[in-house]
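# Structure at a glance
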Amino acid sequence: MNVFEGGFLGLDNIGFFDRSAPLPAGGYIEQSDGTSWMAVYTLNLLTIANELTEHNPVYENVASKFWEHFLHIAHAMNHNGRLGNGLWDCDDGFLYDVLHTPDDQQTSMKVRSMVGLVPLFAVETLEPEDLERMPGFNRRMK
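Notes on the structure follow. On a predicted model such as this, the values are computed, not experimentally measured, just so you know.

Scoring rules and cut-offs
Residues numbered from 1 in each chain as written. Predicted model: local features only at pLDDT ≥ 70, side-chain atom pairs only at ≥ 80, totals over all residues. Heavy atoms only, no water. Pairing = 2+ DSSP bridges. Helix = DSSP H or I, 4+ residues; strand = E, 2+ residues; numbered from the N terminus. Axes fitted to C-alpha atoms, helices over the stretch in contact; angles between N-to-C directions. Salt bridge = Lys/Arg side-chain N within 4 Å of Asp/Glu carboxyl O. Patch = residues over 30% accessible without salt bridge, like charges linked within 9 Å, V, L, I, M, F, W, Y side chains within 5 Å. Areas by Shrake-Rupley, 256 points an atom, 1.4 Å probe, with all protein chains shown as cover.

Below, the discussion takes up the pairing of strand E5 (residues 106-109). Every regular strand shows the same layout, with side chains that alternate between the two sheet faces. Sheet topology places strand E4 (residues 97-100) next to E5; 4 bridges connect them, and they run antiparallel. Paired with histidine 100 across the strands is glutamine 106, a residue of E5. In sequence, E4 turns back onto E5 through a hairpin of 5 residues, with aspartate 104 there showing a positive phi of about 70°.

Encoded structure:
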């Protein structure tokens, strides 16, 4: 849950498999890049809601919603899966797509590519004055 798979997500042109088609042997791929892009989008929407709170404080709740979505995605990327490692490979210090086969096996697809670097795009800065303007968001964030 909160890790994205299948279809045209992320950097589909560099994968081992055609992500728009079922895998030849079945199963599915949890996508590091597609999931990371969703995290980026939640932070972009948080930024928009933050800007809107300057004109209408009702958007503070929307900012909180997108912050929470970001946290769910980040947690899933790091903790999903039977071993609790998610998409992160502790030995390599890198994020990989994970292949799930029909017999419930999980295999990191250890290809160092942009797929593992896209999570670095999911960054946002909130200034102290933003947090002062949004006390409810600040409380929930903490």
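This part covers the sheet that holds E4. Pairing is antiparallel across the open sheet formed by 3 strands, whose spatial order is E1-E4-E5. In this open sheet, the two edge strands, each paired with only one partner strand, are strand E1 (28-30) and E5. Each strand axis lies, on average, 30° off the axis of its neighbour in the sheet, ignoring direction.

With that settled, the discussion passes to the pattern of salt bridges. Going through the model one piece at a time under the given rule, you end up with 3 salt bridges. Across the salt bridge formed by lysine 110 and aspartate 89, the nearest N and O atoms sit 2.9 Å from each other. Within this pair, whereas lysine 110 is found in the loop between E5 and helix H3 (128-133), its partner aspartate 89 is found in strand E2 (residues 88-89), the two being separated by 21 residues in sequence. A salt bridge links lysine 110 to aspartate 92, with the shortest nitrogen-to-oxygen separation between them at 3.7 Å. Taken as a pair, lysine 110 in the loop between E5 and H3 and aspartate 92 in the loop between E2 and strand E3 (94-95) lie far apart in primary sequence, 18 residues in all.

Moving on, we get to a nonpolar patch on the surface. A grouping of Leu45, Ile48, Leu52, Val58, Tyr59 and Val62 is seen on the molecular surface, where their side chains present a nonpolar patch of about 450 Å² in accessible area. Of all the elements in the fold, those that place two or more residues in the nonpolar patch are helix H1 (32-52) and helix H2 (59-79). Here the nonpolar patch gets 3 residues from one element, more than from any other, and that element is H1. Tracing the backbone shows leucine 45 in helix H1.

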